Amino acid sequence: MHKNKLLTYSIICLLLISIIAPISTTHAASLDSVVNSLAANTLETSSTQTGNGFFQQIFDLVFNKILGPVFNIFGGSSSTSSPSKNNPVTVKPLPPTNSNTTLKNKIIVVDPGHGGSNPGAVANNTRESDNNLSVALKLRDKLVQAGAKVIMTRETDRTVAPEGSSLSKELGARVTLANSNQADAFVSIHSNSNSDPNIKGAMTFYSTGKSSALASAVENAMVVQTGAIDKGTSSANFHVLRNTSMPSTLVEMGFVSNKEEAAQLSSDSYRSKLAQGIFTGIVNYFNKN
Ligand SMILES: [Zn+2]
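Residues numbered from 1 in each chain as written. Predicted model: local features only at pLDDT ≥ 70, side-chain atom pairs only at ≥ 80, totals over all residues. Heavy atoms only, no water.

Undergrad: Summarise the pattern of salt bridges; cite the residues concerned and give the values.
TA: Following the criterion strictly, the structure yields eight salt bridges and no others. Measuring nitrogen to oxygen at the nearest pair gives 2.9 Å for the salt bridge that ties Asp268 to Lys138. Taken together, the residues span a long stretch of sequence, with Asp268 in helix H9 (residues 268-288) and Lys138 in helix H4 (residues 128-145) at a distance of 130 residues. Overall, the relative accessible area of 49% leaves Asp268 in the partly exposed class. (Salt bridge = Lys/Arg side-chain N within 4 Å of Asp/Glu carboxyl O. Helix = DSSP H or I, 4+ residues; strand = E, 2+ residues; numbered from the N terminus. Buried < 20%, exposed > 50% of the residue type's maximum accessible area, 1.4 Å probe, protein only.)

And the structure:
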């Protein structure tokens, strides 16, 4: 009888401590943090459905972690180490903060430069407008997968303003899409060209303000991903950068006038690397801004 009472009180005490301790250390945090805190201290269960929620976590904590070892101790087991051999404790690492939610509901305009009657730079059997569109479509897919709302200025080989419009109307149509949708970021995708065929590398442009940070984030991630020569970021007075009212950047992915980069820009695998690099840069920018 006495032993049973002691056992009962011990269980109640441990139960209260197990519930109060994690909550008191995270008093300033949200319920999510409390649940995460409990999850990190709880046995890994085969069912990790978030729908099980708070009470499932409490249940697992009490019955697997607290009661199991307690009964071992009171049963006079020679093993006093918790946990028991049948229920090894596995502490699950918490996911990195914001890893999946950084771009959620962010409105991002992706602008493949040129198109239609204006192919942009053409050299070494590759057209700028084709390279730009291919990378932009890959970038779109990655952004959508990350939860962003993506607006493409074009998704086919066409002009954005009606065919035959002036250049300023063509560029103005791209700017209008970004401004009227109150986009969080505008990313224009281009390929470069130079009269010197030896010049190669990736560079990224911005106009003012926060755009500088966006350009740096994109340039850095792009050269890491592709191994391209880092030609850095520069301020430029381009129409689409000057007139967009949100952080905006223009990426020159490489030189079609350079044989090696022209071949890379034409290849599907290199286009995927470019898209991944630009995507990572956008994520990195929004993680800090
Ligand atoms: Zn261009």
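Undergrad: An account of the nonpolar core is requested, with residue identities and associated values reported.
TA: Membership of the largest hydrophobic core comes to 33 residues, with the highest contact counts inside it found for Leu103, Ile108, Leu139, Leu143, Ile189, Ile278 and Ile282. Where this core is concerned, the elements lending two or more residues are strand S1 (107-112), H4, strand S5 (185-192), helix H6 (211-226), strand S8 (248-255) and H9. If you tally residues by element for this core, the top one is H9, at nine residues. When residues no more than four places from it in sequence are discounted, the contact partners of Ile108 are Leu103, Leu143, Ala148, Lys149, Val150, Ile151, Ala185, Ile282 and Phe286. Counting residues in each nonpolar core, the second largest holds 14 residues, with Val109, Val175, Ala183 and Met203 among its members. (Core = buried A, V, L, I, M, F, W, Y, C linked by side-chain atoms within 4.5 Å. Contact = heavy atoms within 4.5 Å.)

Undergrad: So what's going on with the environment of Thr126? Which residues, and what values?
TA: With respect to the secondary-structure elements, Thr126 resides in strand S3 (residues 126-127). Accessibility expressed as a relative area gives 4% for Thr126, which makes it buried. Here the alpha-carbon distance between Thr126 and Gln264, two residues 138 residues apart in the chain, equals 10.0 Å. Beyond its immediate stretch of four places on either side in the chain, Thr126 contacts Ala121, Asn131, Val256, Ala262 and Ser266. Looking at Thr126, its side chain comes within polar contact range of the side chain of Asn131, at 3.0 Å. Here Ser266 takes part through its side chain, which lies 3.0 Å from a polar atom of the side chain of Thr126. (Polar contact = N/O pair within 3.5 Å; in protein donor to acceptor, adjacent residues only side chain to side chain.)

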